[in-house]
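Observations on the three-dimensional arrangement
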Amino acid sequence: MTRYSKPEHLTDFSSDPTIWTRRFGDEYWADAYTPLSYCLLRHWISNISLPPSKKVHNKFRFHKGFAYVSPEYWLDVMSGVPPSSRLPSIRAYLCKKDQERFDNLPARLGKILVFIFKLTPFYRRSPTDAITKNHIAMNEWQVDTGKAFQELADMDLSAMSVDDLLDLFTTWKEKGDYHFVLLRAGQAAWGPLLTQTLEKLLEKWISKEAAQKANQLMSGLPGSFTLETNKDIHGLAAAVTGSALEDLILSENGASQAMAYINAHPEDEFSKLFNRFVRKYPHRGSAREMIADRWEERPEMIIDLMCGLVGGASLHDPVAEEDEKRTTREQFQTEIIEALQQAGGSFIKIRILRWVLKMAQAYYLFRENQRFTLDQILYALKQISLAIGRRYAQKGLLDHHQNIFFLFEDELFDLAKEPEYRDEI
């Protein structure tokens, strides 16, 4: 009999003493609530993104829509990491009893040697896993995905056969596979490890105060997609401030009224600027759930974001704020290097600190920017799924094309092969 010990834990008292934890699942796919989205995220996270374990094959249990991870899996993976580099975030997933086991976990020398080897540029078995290669592979992948996403936008999906659409769905699902392969090393391992290592070096070589301010070294970094998006939203707000649209946007139901104006006046300068913004960020939204609206589908969401910036209503200027963060980061970087030099730090120590800082910043951007690319993949799969849904609705296999999201992935394909399968669904 399955019982809860706490809402975030699950155990089966009758036969299995394992206390499964859902904290990881809640963090990574709690916002997927349609069957199709849940299938995709379940596949990517449980089968692709988590490091393999030869000892634990059943990493997950799924119960009432929640995903629970075995503590034995986390303990096995962490046994291959040097004790000083084990991640507190993984420990936090576990219940108190298993946290004590985590704290006293013996090191497995063979696995640790493999782990250390992956930190070197000589690791060639899987370039996407190597610490010096993984973030570069992600940068290249983001460019390739952006090009593929634009090519998809230029396709006429309505002219494609169901079989071609299903093939296209598989192609973009495989893009998701590769995306999560990159996340397996970059976001789950190297990013947290480098941040933790940087804090420890600052504390050991400089001071506790420097370690406590380590987050300043990650702010205002160039190349952030989030920063670029914020700047563009601020640009939209600045363009409308002082114009006839300002009062309209800030009024009750301002988003719907503003969109009515933009649609009625496509040649207006602000309308052109707004439509360019939508074409640049059609895939952005607030959730990983595929059925959720994206900015291209409901541009009123962009107007809502602008409201806090229009007419000087904002308490801060995001552009000026990021410039300030960049200046603070650059000054602090200079200060810590000078402090290490003044403390008699050797040339080797300075090189190590510079390298760890550079890589920590690279993987911080990796973590921040990967969501932009994942949104492109999810929106591509959404568009393809809707095109399949329209075909099924035309054939009477679905009552509405959006019901496609309430099929499991295997049903999406089985319905094309066996239309009579509709009654069973």
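Heads up: the structure comes first, above all this text.
Since the model is a prediction, treat every value here as computed from it, not as a measurement.

Looking at the overall build of the chain
Counting secondary structure elements, the chain contains 18 helices and five strands. Split into buried and exposed, the 425 residues of the chain put 48% on the buried side. In the chain, of all internal contacts separated by at least 6 residues, the share reaching a separation of at least 24 is 69%. In the form shown here, the chain has an accessible surface area of approximately 21600 Å², with 52% of it arising from carbon and sulfur atoms.

So, the environment of lysine 173
As for its placement among the helices and strands, lysine 173 is situated in helix α8 (residues 162-205). Lysine 173 sits 133 residues away from leucine 40 along the chain, and the two C-alpha atoms are 7.7 Å apart. Setting aside anything within four residues of it in sequence, one finds lysine 173 in contact with Leu40, His43, Trp44, Leu381 and Glu409.

As for the pattern of salt bridges
Side-chain pairs of opposite charge can arise where the charged atoms are in close proximity. Using the criterion set out here, one finds 17 salt bridges in the structure. Lysine 272 is the salt-bridge partner of glutamate 269, the closest N and O atoms lying 3.9 Å from each other. Residue glutamate 269 and its partner lysine 272 are both found in helix α13 (residues 269-280); the two are separated by three residues, about one turn of the helix. Judged by its relative accessible area of 30%, lysine 272 falls in the partly exposed class. Between glutamate 322 and lysine 325 there is a salt bridge, with its nearest N and O atoms 3.7 Å apart. Here lysine 325 and glutamate 322 lie together in helix α15 (residues 318-342), a separation of three residues that amounts to about one turn.

Regarding the environment of glutamine 257
Turning to its location among the elements, glutamine 257 is positioned in helix α12 (residues 254-264). With a relative accessible area of 34%, glutamine 257 lands in the partly exposed category. As for glutamine 257 and leucine 245, which are separated by twelve residues in sequence, their C-alpha atoms are 9.5 Å apart. Contact partners of glutamine 257, with chain neighbours within four places excluded, come to Leu248, Ser251 and Glu252.

Considering the layout of surface pockets
Counted as a void, the second largest pocket has a volume near 370 Å³. Lining the second largest pocket are 20 residues; nearest its centre among them are Phe149, Gln150, Ala153, Arg279 and Pro282. For the lining of the second largest pocket, the secondary-structure elements that each account for two or more residues are α7 (134-153), α13 and α16 (347-394). Top element by residues in the lining of the second largest pocket is α7. It accounts for six residues.

Rules and cut-offs
- Residues numbered from 1 in each chain as written.
- Predicted model: local features only at pLDDT ≥ 70, side-chain atom pairs only at ≥ 80, totals over all residues.
- Heavy atoms only, no water.
- Helix = DSSP H or I, 4+ residues; strand = E, 2+ residues; numbered from the N terminus.
- Buried < 20%, exposed > 50% of the residue type's maximum accessible area, 1.4 Å probe, protein only.
- Contact = heavy atoms within 4.5 Å.
- Areas by Shrake-Rupley, 256 points an atom, 1.4 Å probe, with all protein chains shown as cover.
- Salt bridge = Lys/Arg side-chain N within 4 Å of Asp/Glu carboxyl O.
- 1 Å grid on protein atoms, 1.4 Å probe; cavity = no way out; pocket = protein on both sides within 12 Å on 5 of 7 lines; lining within 4 Å.
- Points joined across faces, edges and corners; volume = space filled by probe spheres on them.

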